[in-house]
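Structural characterization, general
Here are the chains, one letter per residue:
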Amino acid sequence: MPAKAADKRRQGQGGPSGGKAGKAGKAGKAGHKKQDESDSPETGEDWSARAAVRSPDQLELSEAELKMEITRTLTANNPHISQDIVRFSFKEQAYKLVDDMDQTAIHFTLNGYLVPKDSDEGRRQSIRSSTEAEEAPVEEEKAPEEASAEATEETESKDEEPTGDAEAAEEEEEAQAAEAAEEAEAAKTEEAEGGGEPPPQKGKKLANQFNFIERGSATYHHPLREKGYQTDPAPFETFADNVNQWYIYDAYMEELERIEKAKEKEKAKPAAVKKEDKKTGRKISYVEPPHIDSLSRVAKAAKIAERMVNLNMYDDIAQDFKYFEDASDEFRGQEGTLLPLWKFQYEKTKKLAVTAISWNPKYKDLFAVGYGSYDFMKQGQGMLLVYTLKNPSFPEYSFSSESGVMCVDFHSDHPHLLAVGFYDGNVAIYNLKKASSQPSYKSSAKSGKHTEPVWQVKWQKDDMDNNSNFFSVSSDGRIVSWTLVKNELVHMDVIKLSADGTTMQGPEGLQLQTFGSGTSFDFHKKIDYLFLVGTEEGKIYKCSKSYSNQFLDVFEAHHMAVDSISWNPFHLKVFISCSSDWTVKIWDHTIKTPMFVYDLGTAVGDVAWSPYSSTVFAAVTIDGQAHVFDLNVNKLEPLCTQLVVTRKKNKTTHIQFNPVYPIIAVGDERGLIVCLKLSPNLRKTPKEKKGQELQKGPEVEIAKLEKLLSLVREPGRKEEK
């Protein structure tokens, strides 16, 4: 079909339909005008004028109320801000009141997108919007013409395609083109009838007279309500005072006295009180609530404050303990020194001697000290104190006893349990978890207590029923095993020591059996049943728990009482002993003669192996000196001999190595404990060789000591493995 014929056909189809569209447009325009007339105000004023709209919930006020002036003063100060903030002024070295407080209170923040009209961006946007408004009508006029032209081009291009479906596609395209032409003609007829009048604009929404936001999008705002309470100000009082150690000490003393008095009152009162009910006539028993003192509530805070004061006072000692290493050891050759650190002394123990020292196996800074007297004529009360390196001024725990404390020992698996032996022959167990000044368990004459002083106690592994047990040795010749069964101490005699003459002549020809006097003992580190016992006669017995009537071996060790005996922590065959006969001896328990003998020139009070080396040990003598040996460096003389007491005629009694830190604790006859740090020469380790890794561990320590012992063993004797 030619192009001209197609145009005529479109015009013929669009004639009647275009007339109908024109009539419908006229009818719609007339209806729109009537609606505008009905919506316009009756007064006849311009509809675009600003109309006052009255809100239905607006208050009706009288003329007097409307004319009344209400003055409200707004300030920029925040009434809720604190007015008593005090800060320390380093310039004036005093606390000053802060005046310039920030009064800003931000209730709501929102990042907006509004731009001021006077800004550059505002001017650009206004120009852009005006140009877009001008270009809009021009584009509307061009739209129908472009649509008709595109329709004709599409029909012409499709007429040329020789396909089987061409007729159907042509009909659809012709229908679309006819509709577009009808719309264009209807628009032209409306413009002609209107006589060039502008199209009617939509009615604007009435603005809210309160001018908050547009009325169309307004939501209901709940009115804000304020609610306040007025109370009496809390009473306050200004207080200032200076605090030092003595004030803290006095406060603790007063508190202890008050607690003791309260306990006495509680003992006098019955636990349960019976009260008669008047209505029913029955007697009701109830328990009075325990009294809670005010100081116990702040005990933890007071303890922390005391620690802080002590850290400031002993800061130089703490720095020496942590970092100081004596550089002069490089010029001394093999010799070393002991650096005094902390001193521990309690006012009530100045007249008592240090009889035992034991470090806690779990808390490495905690150690227990027993106080009593070695003089038979000066026996009296004793004390048990538990100190920590963090607080040298005052003990963490203190327990007093009627008899002198002669030995203490911490449990290795339960570090809160402390076994104690007394001069009167009793043994007891203290539980540090319980806030009680009395022991949790204690022996008595009925439960088989010793008849002589208990010189040493040692915890052992729990038995088959998981009951805790420990052993004790006394001058009455008995080695007793104490087992904690159902909150009761059960005793069992393991062995009885016999003297040289097992019998002696009594009155009327009676034969009396005599027993030896045990002074010290120690259990083997690996073999549970094997232990050594030292006696007042100077002998050392090798015993077994399995044999109660005989000894495995007897060593003629010393000429006087054996004060201390101890197995080597690394080598299974070696032990050390000291005595009042001035000597320290190192033994192999398979050989009856000592391997090493050292004469220190005066009575030896105590000896101890070091926990870090199999060849290092230390001893104290009654002349106030401490001696430190290292067999690997010098087998003949000590590496360090140093006076550790400050007063003359003061005897040192005990020494113990800390299990972790390179320090030793030394006690004397006047209740003073001194901690000393070992210099680098006293704790030397093997140097690394080039190309070889440094071996560490107990095997190395065993081999080191075994090498020394092989040099002094009897020639021709075969080693027992």
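The sections below set out a description of the structure shown in this document. Source: prediction; values computed, not measured.

Here's the deal with the sheet that holds strand β17 (residues 489–496)
Here 4 strands make up an open sheet; going across it, the order is β14-β15-β16-β17 and the pairing antiparallel. Every other strand in the sheet has two partners, leaving β14 (454–460) and β17 as the edge strands with one partner each. Neighbouring strand axes in the sheet, compared pairwise and without regard to direction, differ in orientation by 25° on average. Relative to β17, strand β16 (residues 478–484) runs antiparallel, the two sharing 7 bridges. Each bridged residue has a counterpart across the sheet, and for W482 the counterpart in β17 is H491.

A look at the pattern of salt bridges
Following the criterion strictly, the structure yields 14 salt bridges and no others. Among the ionic pairs, K303 bridges to E396, the shortest N-O distance being 3.0 Å. Taken together, the residues span a long stretch of sequence, with K303 in helix α7 (residues 299–313) and E396 in the loop between β8 (382–388) and β9 (397–401) at a distance of 93 residues. Its relative accessible area of 36% is what places K303 among the partly exposed residues. Measuring nitrogen to oxygen at the nearest pair gives 3.8 Å for the salt bridge that ties K677 to E325. Taken together, the residues span a long stretch of sequence, with K677 in strand β34 (residues 673–678) and E325 in the loop between α8 (315–323) and β5 (338–344) at a distance of 352 residues. E325 sits in the partly exposed class, given a relative accessible area of 37%. Beyond isolated ion pairs, a larger network of salt bridges with shared partners links K303, R307 and E396.

Observations concerning the packing of aromatic side chains
The tally for this structure, following the rule as stated, stands at 27 aromatic pairs. Seen in terms of ring centroids, Y598 and F629 are 4.8 Å apart; in terms of plane orientation they differ by 45°. Their pairing is tilted. With Y598 in strand β27 (residues 596–599) and F629 in strand β30 (residues 625–630), this pair connects stretches of sequence that are 31 residues apart. Given the relative accessible area of 3%, Y598 is considered buried.

Points about a negative patch on the surface
A cluster of acidic residues, D250, E254, E257, E260 and E264, forms a negative patch at the surface. In this structure, E260 sits in helix α5 (residues 245–268). The class of E260 is exposed, set by a relative accessible area of 51%.

Observations concerning the pairing of β34
By the criterion of burial, β34 is predominantly enclosed, with 6 of the 6 residues buried. Taking every second residue as pointing to the same face, both faces of β34 are buried, with I673, C675 and K677 on one and V674, L676 and L678 on the other. Summarising the sheet, β5 and β34 pair through 5 bridges and their orientation is antiparallel. Residue pairing in the sheet places L339 in a bridge with K677 of β34. Here strand β33 (residues 663–668) runs beside β34; their pairing, made up of 5 bridges, is antiparallel. Bridged to A665 within β34 is C675. Here β33 folds back onto β34 in antiparallel fashion, the turn holding 4 residues, of which G671 has a positive phi close to 80°.

Observations concerning helix α9 (residues 698–712)
Given 3.6 residues per turn, any residue in an α-helix points the same way as the ones three and four places further on. With 15 residues, α9 ought to run about 21 Å at 1.5 Å a step, and its terminal C-alpha atoms sit 22 Å apart, in line with that. Taken together, the buried positions of α9 are E701, K704, L705, L708 and L709. Projected down its long axis, α9 shows its buried positions confined to an angular sector of 130°, all on one face. Along α9, the residues that are exposed and aim more than 90 degrees away from the buried face are E699, K707 and L711. In this fold, the buried residues of α9 make contact with β25 (574–579) and β27.

Topic: the pairing of strand β21 (residues 530–535)
Extensive coverage of β21 is indicated by the burial of 6 of its 6 residues. Side chains L530, L532 and G534 of β21 all project onto a buried face; the interleaved residues F531, V533 and T535 project onto the opposite face, where all are buried too. In this sheet, β21 lies alongside strand β20 (residues 518–523) in antiparallel orientation, the contact comprising 5 bridges. Residue pairing for β21: D522 is matched across the bridge by L532. Between the antiparallel neighbours β20 and β21 lie 6 residues. The sheet contact formed by β21 and strand β22 (residues 539–544) spans 5 bridges and is antiparallel. Each bridged residue has a counterpart across the sheet, and for L532 the counterpart in β22 is K542. Here β21 folds back onto β22, and the loop between the two strands holds 3 residues, one of which, G538, carries a positive phi near 95°.

The rules behind each value
- Residues numbered from 1 in each chain as written.
- Predicted model: local features only at pLDDT ≥ 70, side-chain atom pairs only at ≥ 80, totals over all residues.
- Heavy atoms only, no water.
- Pairing = 2+ DSSP bridges.
- Helix = DSSP H or I, 4+ residues; strand = E, 2+ residues; numbered from the N terminus.
- Axes fitted to C-alpha atoms, helices over the stretch in contact; angles between N-to-C directions.
- Salt bridge = Lys/Arg side-chain N within 4 Å of Asp/Glu carboxyl O.
- Buried < 20%, exposed > 50% of the residue type's maximum accessible area, 1.4 Å probe, protein only.
- Phe/Tyr/Trp six-rings, centres within 6.5 Å; stacked < 30°, edge-to-face > 60°.
- Patch = residues over 30% accessible without salt bridge, like charges linked within 9 Å, V, L, I, M, F, W, Y side chains within 5 Å.
- Areas by Shrake-Rupley, 256 points an atom, 1.4 Å probe, with all protein chains shown as cover.
- Lys, Arg positive; Asp, Glu negative; His and termini not counted.
- Charge placed at Lys NZ, Arg CZ, Asp CG, Glu CD.
- Expected span 1.5 Å × (residues − 1).
- Arc of directions from axis to C-beta.
- Contact = heavy atoms within 4.5 Å.

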